[in-house]
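What the coordinates show
Listed here are the chains, written in short residue letters.
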Amino acid sequence: VDLVDSKKWLSSALLDAKFISPLRDASLGAQSRGFGRFISSLAFLISSVLRGFGQVVFQDNPWTGVFVCVAGGIPHWPTAIMGILGCTITTVFPLLVQPPETRALVASGLYGFNGVLLGWGYSTFDNNIQQADTFASGIIALLRALPALLFLGILTGILHVVISRSFTKATRIPPLTWPYNIALLMWMACATLSTNYDTLFTNAATPRAVAGDYTVAWFFEAWLRGVSQVVF
């Protein structure tokens, strides 16, 4: 605790969403300032991305974000990569287009979590990614999905800005998951109806109710699966 408290950059990276100060004093020269600024920016980005994962479960904490990221990738490692890429896109985008006062919101992961859900959702519903059973096929599937994820990530960021400046400004209600839901639903509709993509819903049969015995064990298993669906 003393170590973290004595290092402002470490405290900012691990404990709160304040701006991370340069690591070195300006008197050390331009080269040191440049390196310090780079490290500071990198720490800010990593912290913001991890907090974006944490905000999936409403926690502004990078350590929570680490566990959420791991949990999302345990069933299938490309899903974790897609979540990281999506969160990075929606974290960086507002820093480029939004006014400086939104930096604190970005640092808290409030822009990044939509990107996490976008990346996870894309990975879950794209059969090319889900059917990748080797490292090479997984990398190929990720590269194939990257252009679409980049476009959808930017679209999610734009939707977040638009909703914040209109609906949120009028009602003070935050966008929550609206940006990711709109972007992902648009992709799912286009991808499912297109012959160029193979999604979970392509040629899917209409589900039918199946009669059976609903036991206590069945209920608790369904309950636990419902919790796990938070990370798809």
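Since the model is a prediction, treat every value here as computed from it, not as a measurement. (Residues numbered from 1 in each chain as written. Predicted model: local features only at pLDDT ≥ 70, side-chain atom pairs only at ≥ 80, totals over all residues. Heavy atoms only, no water.)

What follows deals with the UniProt feature "transmembrane region" (unreviewed entry) in the chain. In the numbering used here, UniProt assigns the feature "transmembrane region" (unreviewed entry) to residues 34-54, 74-97, 104-123 and 135-163. Taken end to end, residues 74-97 has its terminal C-alpha atoms 34 Å apart, with 88% of it in helix and 0% in strand. Between the first and last C-alpha atoms of residues 104-123 the distance is 29 Å; the span itself is 80% helix and 0% strand. (UniProt positions renumbered as here; feature names shortened; annotations may be inferred. Helix = DSSP H or I, 4+ residues; strand = E, 2+ residues; numbered from the N terminus.)

Okay, the packing of helix H5 (residues 77-97) against helix H9 (residues 135-171) next. For the pair H5 and H9, interaxial distance at closest approach is 8 Å and the crossing angle is 35°. The interaxial crossing formed by H5 with H9 has right-handed handedness. Counted by class, the contact of H5 with H9 contains 17 nonpolar, 6 polar and 1 charged residues. (Axes fitted to C-alpha atoms, helices over the stretch in contact; angles between N-to-C directions. Left-handed = near helix turned anticlockwise from the far one by under 90°. Nonpolar A, V, L, I, M, F, W, Y, C, P; charged D, E, K, R; others polar.)

What follows covers the nonpolar core. Grouped together as the largest cluster of nonpolar side chains are 30 residues, with contacts concentrated most on Phe53, Tyr122 and Trp187. Top element by residues in this core is H9. It accounts for 8 residues. What Tyr122 contacts, discounting residues up to four positions off in sequence, is Met82, Ile129, Ala145, Ala148, Leu152, Leu184, Trp187 and Tyr197. (Core = buried A, V, L, I, M, F, W, Y, C linked by side-chain atoms within 4.5 Å. Buried < 20%, exposed > 50% of the residue type's maximum accessible area, 1.4 Å probe, protein only. Contact = heavy atoms within 4.5 Å.)

Let's shift gears to the pattern of salt bridges. Taken as a whole and assessed by the stated rule, the structure comprises 2 salt bridges. We note a salt bridge from Arg51 to Asp60, for which the minimum N-O separation is 2.9 Å. A residue is classified by how much of its surface remains accessible, and Arg51, at 0% relative accessible area, is buried. In this structure, Glu221 engages Arg225 in a salt bridge whose closest nitrogen and oxygen atoms are separated by 3.0 Å. One end of the pair is Glu221 and the other is Arg225, both in helix H11 (residues 216-228) and 4 residues apart, which spans about a single turn. The class of Arg225 is exposed, set by a relative accessible area of 53%. (Salt bridge = Lys/Arg side-chain N within 4 Å of Asp/Glu carboxyl O.)

Mapped onto the elements, Gly52 comes out in helix H3 (residues 30-55). Relative accessible area serves as the criterion here: at 0%, Gly52 is assigned to the buried category. When the C-alpha atoms of Gly52 and Ala107 are compared, they prove to be 8.5 Å apart, with 55 residues separating the residues in sequence. Ignoring any residue separated from it by four or fewer positions in sequence, one finds Gly52 in contact with Cys87, Gly109, Gly112, Phe113 and Val116.

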